[in-house]
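Structural overview
What follows is each chain in one-letter form.
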Amino acid sequence: MKLFEPLEIRNLRLESRLVAAPLASASCTPEGVPTERTLEAGRKALFARPGLVVLEHHAVHPWGRVRVRQLMLDRDDVTEGHRPLAGLFAEAGVPVVVQLNHGGSGVADPDLFGDPAFRMVAPSPVPHPGRDPGRIPEPLSEGQIRELPGFFVQAARRAREAGYRGVQVHGCHGYLLGQFLSPLTNRRTDRYGGDVRGRSRLLLDVVDAVRGAFPDLPLGVRLGAADSFPGEEPRGLRVEEACAVARELAALGADWIAVSGNLCGYDAPGGFGPYAGAIREAVGKRIPVECTGGVTSYDRARELLDRGCCDLVGVGRLLLSDPAAAAAWRRDEA
Ligand SMILES: Cc1cc2nc3c(=O)[nH]c(=O)nc-3n(C[C@H](O)[C@H](O)[C@H](O)COP(=O)(O)O)c2cc1C
């Protein structure tokens, strides 16, 4: 399979299988809208002319922030401020989707605790394994959990109104939906915990709600395939469980699944090819699967496609650090 070959995702036509992966830029205004610096990162990502751009995570609720300077789609008065960024991609003719997130206990910036309105919530009162072990999050009540899909729906509506072409639900890297997926952070005994059916219920409810509200909206999921890297001793969320979740996501109408790690994060030695391949098999190749992480050469991108690990290759840091190198991949394929 070639890298510079088109692919349709719902009503989007991607000119290639190269995806600009989301990279949080901490560049927004205090209100959570893009600045000229955010636009500059967007221009860099466009330099290699990816087939699709996935914009960094945007908080769907004020408690869903992971930094004080966090892009937000949590209220109607920020929508207007997103139009220039959406317009940048429209002008370039490159489809752009925006990633929607609730950070839960994955708070990366302790300054957030200085905001008296902020509350760090999670499925269970378990410290986040990658953060300050002294910070115990507040467990969400069932009533609070039932409100969460609505926050994603409203954020998706604002994304559409701002001119973004679709959304990606952030279900990896140990943020709230990933905290629910993992038995290491989800100790609940109600319908949102226990086996993988219970632990994935919130993610599935979110996707079902967004799909139900917007039947035509390109809707992706970034799925944490496991809490351990490929080849490591499995712990926590296992890839077999993620495969079962992926099948459910496809059945609910998710348009593509972008594979990364969950509590283990995104920097897998050797990449996530084996996990992406397992998930691609699990969904019966009915929807495209993306693999991201550690791709810094055209040969590596082609290897992932040729081995059948994925249909789309995500590239993050290289597009910003050396956009000319990635732009030259087109020549490599010619
Ligand atoms: C500074 C930085 C910010 C990131 N922000 C996000 C983000 O907002 N959402 C997300 O899903 N992944 C995020 N990631 C992970 C990247 O999308 C990607 O998976 C990771 O960088 C590995 O790909 P690469 O080796 O091509 O850079 C971030 C990574 C970095 C280094």
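Residues numbered from 1 in each chain as written. Predicted model: local features only at pLDDT ≥ 70, side-chain atom pairs only at ≥ 80, totals over all residues. Heavy atoms only, no water.

An unreviewed UniProt entry annotates the chain as NADH:flavin oxidoreductase/NADH oxidase of Aminomonas paucivorans DSM 12260. According to the UniProt record, the Cofactor (unreviewed entry) comment for the chain is "FMN". (UniProt positions renumbered as here; feature names shortened; annotations may be inferred.)

Formed by 89 residues in total, the largest nonpolar core has its most connected members in Leu-203, Val-210, Leu-223, Leu-249, Ile-279 and Trp-329. If you tally residues by element for this core, the top one is helix H3 (residues 142-162), at 8 residues. Not counting residues up to four positions away in its chain, the partners in contact with Leu-249 are Leu-203, Leu-204, Val-207, Val-221, Leu-223, Ala-254 and Ile-257. With 11 residues, the next largest nonpolar core counts Leu-14, Val-19, Val-54 and Trp-256 among its residues. (Core = buried A, V, L, I, M, F, W, Y, C linked by side-chain atoms within 4.5 Å. Buried < 20%, exposed > 50% of the residue type's maximum accessible area, 1.4 Å probe, protein only. Helix = DSSP H or I, 4+ residues; strand = E, 2+ residues; numbered from the N terminus. Contact = heavy atoms within 4.5 Å.)

Moving on: helix H1 (residues 36-46). Since there are 3.6 residues in each turn of an α-helix, residues three or four apart along the chain are aligned in direction. Of the residues making up H1, those classed as buried are Thr-38, Leu-39, Gly-42, Ala-45 and Leu-46. Looking straight down H1, one finds its buried side chains confined to an arc of 115°; they lie on one side. (Arc of directions from axis to C-beta.)

As recorded in UniProt, the feature "domain: NADH:flavin oxidoreductase/NADH oxidase N-terminal" (unreviewed entry) lies at residues 2-324. Within residues 2-324, the helical portion is 34% and the strand portion 16%, while the C-alpha atoms at the span's ends are 20 Å from each other.

Among the 8 residues in strand S4 (residues 52-59), 8 count as buried, and that is most of the element. Pairing between strand S3 (residues 18-20) and S4: 2 bridges, direction parallel. Each bridged residue has a counterpart across the sheet, and for Ala-20 the counterpart in S4 is Val-53. Following the backbone out of S4, through helix H2 (residues 79-92) and into the adjacent parallel strand S5 (residues 96-101), one traces a crossover that is right-handed. (Pairing = 2+ DSSP bridges. Right-handed = clockwise from strand over helix to strand, strands pointing away.)

Now for the side chain of Thr-29. In this structure, Thr-29 sits in the loop between S3 and H1. When sequence neighbours within four positions are dropped, the list of residues in contact with Thr-29 reads Pro-34, Thr-35 and Arg-69.

With that settled, consider the site of the ligand. Around the ligand, 17 residues are found, and the nearest of them are Pro-22, Gln-99, Arg-222, Gly-294 and Arg-317. Within the backbone of Pro-22, a nitrogen or oxygen atom sits 2.7 Å from an oxygen atom of the ligand. One of the side-chain N or O atoms of Arg-317 is found 2.7 Å from an oxygen atom in the ligand. The protein chains hide 86% of the 610 Å² of surface that the ligand would expose on its own. (Near = heavy atom within 4 Å. Polar contact = N/O pair within 3.5 Å; in protein donor to acceptor, adjacent residues only side chain to side chain. Areas by Shrake-Rupley, 256 points an atom, 1.4 Å probe, with all protein chains shown as cover.)

The strand order around the closed barrel built from 8 strands is S3-S4-S5-S8-S9-S10-S11-S12, with neighbouring strands paired in parallel fashion. Averaged over neighbouring strand pairs, the angle between their axes works out to 30° when direction is ignored. The sheet contact formed by S3 and strand S12 (residues 312-315) spans 3 bridges and is parallel. The residue of S12 that forms the bridge with Val-19 is Gly-314. Set on the sheet, H3 makes contact with S5 and strand S8 (166-171); between it and S5 the angle comes to about 155°. The strands touched by helix H6 (residues 201-213) are S8 and strand S9 (219-224); relative to S9, the strand with the most contacts, the crossing angle is about 170°. (Axes fitted to C-alpha atoms, helices over the stretch in contact; angles between N-to-C directions.)

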